[in-house]
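Given next are the chains, with one letter for each unit.
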Amino acid sequence: QKEVEQNSGPLSVPEGAIASLNCTYSDRGSQSFFWYRQYSGKSPELIMFIYSNGDKEDGRFTAQLNKASQYVSLLIRDSQPSDSATYLCASLPGSGGSNYKLTFGKGTLLTVNP
Amino acid sequence: AAGVIQSPRHLIKEKRETATLKCYPIPRHDTVYWYQQGPGQDPQFLISFYEKMQSDKGSIPDRFSAQQFSDYHSELNMSSLELGDSALYFCASSLSGRTLEQFFGPGTRLTVL
């Protein structure tokens, strides 16, 4: 079992809709979580990070964290065709020797249809 | 704003050859991370450096080595290349005290023939 699990998709939504991307993690010690967007053949681009339970909003993006359920999500409001990409969920452990390595899920491919 | 610079962007090598990938972090960033992303895979952490010292090590083969220099740039040296080493290699950087945010470079696409 991967430490970070994502539904690989593809997730297809119409333009203007809300896209909901989900992620679960197995390491209860993980403290910080990240959403990266990656276009094909390009580098991951940081969208948001979250480390407190609850919601965090930034423009059209809202990240949600529920540590009790070990669940992280990303909502994209008013989805645009340019949002079509693979979304990678990643975690950072909270303590121990591997404080700095990001552990990624396999990513969810999102397609926004015009 | 300045970003992470990686060179070369593309590299083609034969099996058993060596390769050196370079990474120049965002100015003032003192921590560098290397990730390997195979086709259709998620990025896998290889190694990281903070203030020129190795800070963490992941699934990096013994054939690979890396270092960070006094100007904070980093080099990943890969020897005895194998077909399976063909991948995108990303470097990311962060500023100590703000290690939550890692910013990725454009990557080096290595093809081993």
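Residues numbered from 1 in each chain as written. Chains lettered and ligands numbered in written order. Predicted model: local features only at pLDDT ≥ 70, side-chain atom pairs only at ≥ 80, totals over all residues. Heavy atoms only, no water.

Caption draft 1: Spatial organisation of the overall build of chain A. Scanning chain A for helices and strands turns up 0 helices and 11 strands. When the backbone C-alpha atoms are referred to their principal axes, chain A occupies close to 45 × 30 × 20 Å. For chain A, the proportion of its 114 residues judged to be buried stands at 42%. Sequence separation of at least 24 residues holds for 55% of the intrachain contacts in chain A that already meet a minimum separation of 6. When the accessible surface of chain A is split by element, carbon and sulfur atoms take 47% of a total near 5,300 Å². Computed over 10 positive and 10 negative side-chain charges, the separation of the two mean positions in chain A equals 6 Å. (Helix = DSSP H or I, 4+ residues; strand = E, 2+ residues; numbered from the N terminus. Buried < 20%, exposed > 50% of the residue type's maximum accessible area, 1.4 Å probe, protein only. Contact = heavy atoms within 4.5 Å. Areas by Shrake-Rupley, 256 points an atom, 1.4 Å probe, with all protein chains shown as cover. Lys, Arg positive; Asp, Glu negative; His and termini not counted. Charge placed at Lys NZ, Arg CZ, Asp CG, Glu CD.)

Caption draft 2: The side chain of Asp30 of chain B, seen in detail. Inspection of the secondary structure puts Asp30 of chain B in the loop between strand E3 (19-24) and strand E4 (31-37). Apart from the residues within four sequence positions on either side, Asp30 of chain B is in contact with Phe49, Tyr50, Glu51, Gln68, Tyr72, Ser94, Leu95 and Ser96 of chain B.

Caption draft 3: Region of interest: unusual backbone geometry. Ser7 of chain B connects to Pro8 of chain B through a cis peptide bond whose omega is -10°. Mapped onto the elements of the fold, Pro8 of chain B is located in the loop between strand E1 (5-7) and strand E2 (10-13). Look at Gln70 of chain A: it is not a glycine, yet its phi comes out positive at around 55°. Turning to its location among the elements, Gln70 of chain A is positioned in the loop between strand E7 (61-66) and strand E8 (71-76). Even without a glycine there, the phi angle at Lys52 of chain B is positive, about 70°.

Caption draft 4: Focus on the packing of aromatic side chains. Throughout the structure, instances matching the rule amount to 10 aromatic pairs over all chains. With a centroid separation of 4.4 Å and an interplanar angle of 40°, the aromatic rings of Tyr25 of chain A and Phe33 of chain A are classed as tilted. With a relative accessible area of 1%, Phe33 of chain A lands in the buried category. Measuring from ring centre to ring centre gives 5.9 Å for Phe104 of chain A and Tyr35 of chain B, while their planes differ by 85°; the resulting arrangement is edge-to-face. Here Phe104 of chain A is found in strand E10 (residues 103-104), whereas its partner Tyr35 of chain B is found in strand E4 on a different chain. Exposure remark for Tyr35 of chain B: the relative accessible area of 0% places this residue in the buried category. Pairwise contacts between aromatic rings join Tyr36 and Phe104 of chain A together with Tyr35, Phe45, Phe90 and Phe104 of chain B into one cluster. The ring of Phe49 of chain A carries the charged tip of Lys56 of chain A above its face, separated from the ring centre by 3.9 Å. (Phe/Tyr/Trp six-rings, centres within 6.5 Å; stacked < 30°, edge-to-face > 60°. Lys NZ or Arg CZ within 6 Å of the ring centre and 35° of its normal.)

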